[in-house]
Amino acid sequence: MSIKLIRQGLNSKHPPPPMWTPKEMKSSYDVVIIGGGAHGLACAYYLAKDYGITDVAIIEKRYIGSGGSGRNTTIIRSNYLTPEGVNFYNESVRLYEQMSAEFDFNVMFSQRGHFTLAHSDSAVRTMRRRAEVNQIQGVDSRFIQPREIKELCPAIDISNHPRYPIMGALYHPPGGIIRHDAVVWGYAHHADRMGVHIHQLTEAQDIIVEDNQVVGVQTNRGRINTKIVLNATAGWCTTISDMAGVRLPVTTFPLQACVTEPLKPFLDVIIVSGSLHVYVSQSDRGELVMGASVDPFASYSMKGSLNFTEGLAGHILELFPSLGHVRILRQWAGLCDMTPDYSPVMGFTPVKGFFVDVGWGTYGFKASPVSGKRMAELIATQKVPDILAPFRLSRFEEFNLVGEKGAASVGH
Ligand code: PYC
């Protein structure tokens, strides 16, 4: 990798080739994926790589990675609450671990350890339970006491001065952060090289269904005929599914985040507090990347609010009082499609040929590799992989939920 970079850097006459190239839109494809985020791109990549299915179009109404993939705080982890969730996100962590080697492109995955703080007896119970479920599934997590938290994160205040003192934490060493653009570009690059067409500025306006079978997608650039459509969108997953006549139990909320000015490195772990509604890590540029819980009302707004900044700053200072002088540089919001059980919806729908990979709430980015790989398997084989079965759409009418609210980084 480094030799390639040096060669490209010194060779001004031959700049590096583009990561992907625009292609003419065809009038039909075997598969159309709506949504050019990490999920849609990953699915296209695995369709091509694992099954040789390359007649695939990804349509994205803006530019690739402009939705949730570019608006999250890049936390990767598998310390969930249910065995189904732990198993699923664990496969994702494994795929992220192999990603730089697989892409021959540094996605800067830094497995620095993830702490979910407990500030109450009930939170301590939940963290202990998560640790046990994680360990039974072979995932490295354990409950630790405040003294060990302080050893691993010296800047944190474990005194009893704050309103909600720290009583312990769920410590998950494999948890990490990653460069989200690199993940998007890596999937796009390799999918493109294998023949997948990526159509940016291409908006799905309708999904055409005849006799309960998908037959095409109407876009702002014309109609595409296809028998297979995957809805891999976030924020607009209900709008897109409604086009096919499939109703989803999803409500959309904004989730805000921000970064500070760059600071000298002092935080080499990820700190999360569900009670204080914050998560924070320090990027390779030195910025603190921070976020809170979703806004308290359903909306498609991606504007930041002062309310968020004030609340977040107050809570961060309870954990790290020495950060009082630090300035916030910028803030943004992404859209979270929340389901009743805080787990995603993946799989078949009642409409033949219409598949969904949606309802990710605040967990979407970290699942991109596993959802892409397994949705590709489902589309290629028409058989539901065991790992996806618990997340089927029909679970809501079967009352067979996968309750992951307790694994959320922040309260909702
Ligand atoms: O689940 O790790 C998480 C997370 C962080 C920010 C939003 N969700």
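Structure: see above.
Below or above, wherever it landed, is the structure these notes cover. None of the values given here were measured: they were computed from a predicted structure. (Residues numbered from 1 in each chain as written. Predicted model: local features only at pLDDT ≥ 70, side-chain atom pairs only at ≥ 80, totals over all residues. Heavy atoms only, no water.)

**Overview of the overall build of the protein**
A tally of regular secondary structure across the protein gives 10 helices and 19 strands. In terms of C-alpha radius of gyration, the protein reaches 21 Å, essentially the compact-globule figure of 22 Å for 412 residues. Projected onto its principal axes, the C-alpha positions of the protein cover 65 × 60 × 40 Å. Looking at the protein as a whole, 56% of its 412 residues qualify as buried. Across the protein, contacts joining residues at least 24 apart in sequence account for 76% of those joining residues at least 6 apart. Taken as a whole, the protein presents about 17700 Å² of accessible surface, with 53% of it coming from carbon and sulfur. One way to put it: in the protein the 39 positive side-chain charges average out to a point 4 Å from where the 38 negative ones average out. (Helix = DSSP H or I, 4+ residues; strand = E, 2+ residues; numbered from the N terminus. Rg over C-alpha atoms; globule rule 2.2 N^0.38 Å. Buried < 20%, exposed > 50% of the residue type's maximum accessible area, 1.4 Å probe, protein only. Contact = heavy atoms within 4.5 Å. Areas by Shrake-Rupley, 256 points an atom, 1.4 Å probe, with all protein chains shown as cover. Lys, Arg positive; Asp, Glu negative; His and termini not counted. Charge placed at Lys NZ, Arg CZ, Asp CG, Glu CD.)

**Some points on the site of the ligand**
Taken together, T73, I75, R77, Y279, T362, Y363, K366 and S409 make up all the residues around the ligand. Between the ligand and R77 there is a distance of 2.7 Å, counted from an oxygen atom to a side-chain nitrogen or oxygen. Here an oxygen atom of the ligand sits 3.1 Å away from a polar atom, N or O, in the side chain of K366. If the ligand stood free it would expose 240 Å²; the protein chains cover 95% of that surface. (Near = heavy atom within 4 Å. Polar contact = N/O pair within 3.5 Å; in protein donor to acceptor, adjacent residues only side chain to side chain.)

**A word on the packing of aromatic side chains**
Aromatic ring pairs: the centre-centre distance and the angle between the two ring planes describe each pair. Taken as a whole and assessed by the stated rule, the structure comprises 17 aromatic pairs. Measuring from ring centre to ring centre gives 6.3 Å for F266 and F320, while their planes differ by 85°; the resulting arrangement is edge-to-face. Within this pair, whereas F266 is found in the loop between β13 (251-260) and β14 (270-273), its partner F320 is found in the loop between α8 (306-319) and β17 (328-338), the two being separated by 54 residues in sequence. Using a relative accessible area of 29% as the deciding quantity, one classes F266 as partly exposed. Judged by relative accessible area, F320 falls into the buried class, the value being 1%. (Phe/Tyr/Trp six-rings, centres within 6.5 Å; stacked < 30°, edge-to-face > 60°.)

**Some points on the sheet that holds strand β1 (residues 31-34)**
In any sheet, the strands associate via hydrogen bonds between backbone groups, in a parallel or an antiparallel arrangement. Judged by pairing direction, the sheet is mixed, and its 6 strands sit side by side in the order β8-β2-β1-β12-β19-β18 without closing on themselves. Unpaired on one side and paired on the other, β8 (197-199) and β18 (345-348) mark the two borders of the sheet. Averaged over all pairs of adjacent strands, the angle between strand axes in this sheet comes to 20°, irrespective of strand direction. Pairing between strand β12 (residues 229-231) and strand β19 (residues 354-358): 3 bridges, direction parallel. By the bridge assignment for β19, V229 is matched with F354. (Pairing = 2+ DSSP bridges. Axes fitted to C-alpha atoms, helices over the stretch in contact; angles between N-to-C directions.)

**What to know about the packing of helix α3 (residues 83-103) against helix α6 (residues 180-193)**
Where α3 contacts α6, the axes come no closer than 11 Å and their chain directions differ by 50°. The angle between α3 and α6 places the two elements in the oblique class. Handedness of the α3/α6 crossing: left-handed. The segment α3 lies against α6, with Y96, M99, E102 and F103 engaging V183, G186, Y187 and H190. Grouping the amino acids of the contact of α3 with α6 by side-chain chemistry returns 5 nonpolar, 2 polar and 1 charged. (Parallel < 35°, antiparallel > 145°, perpendicular 65-115°, else oblique. Left-handed = near helix turned anticlockwise from the far one by under 90°. Nonpolar A, V, L, I, M, F, W, Y, C, P; charged D, E, K, R; others polar.)

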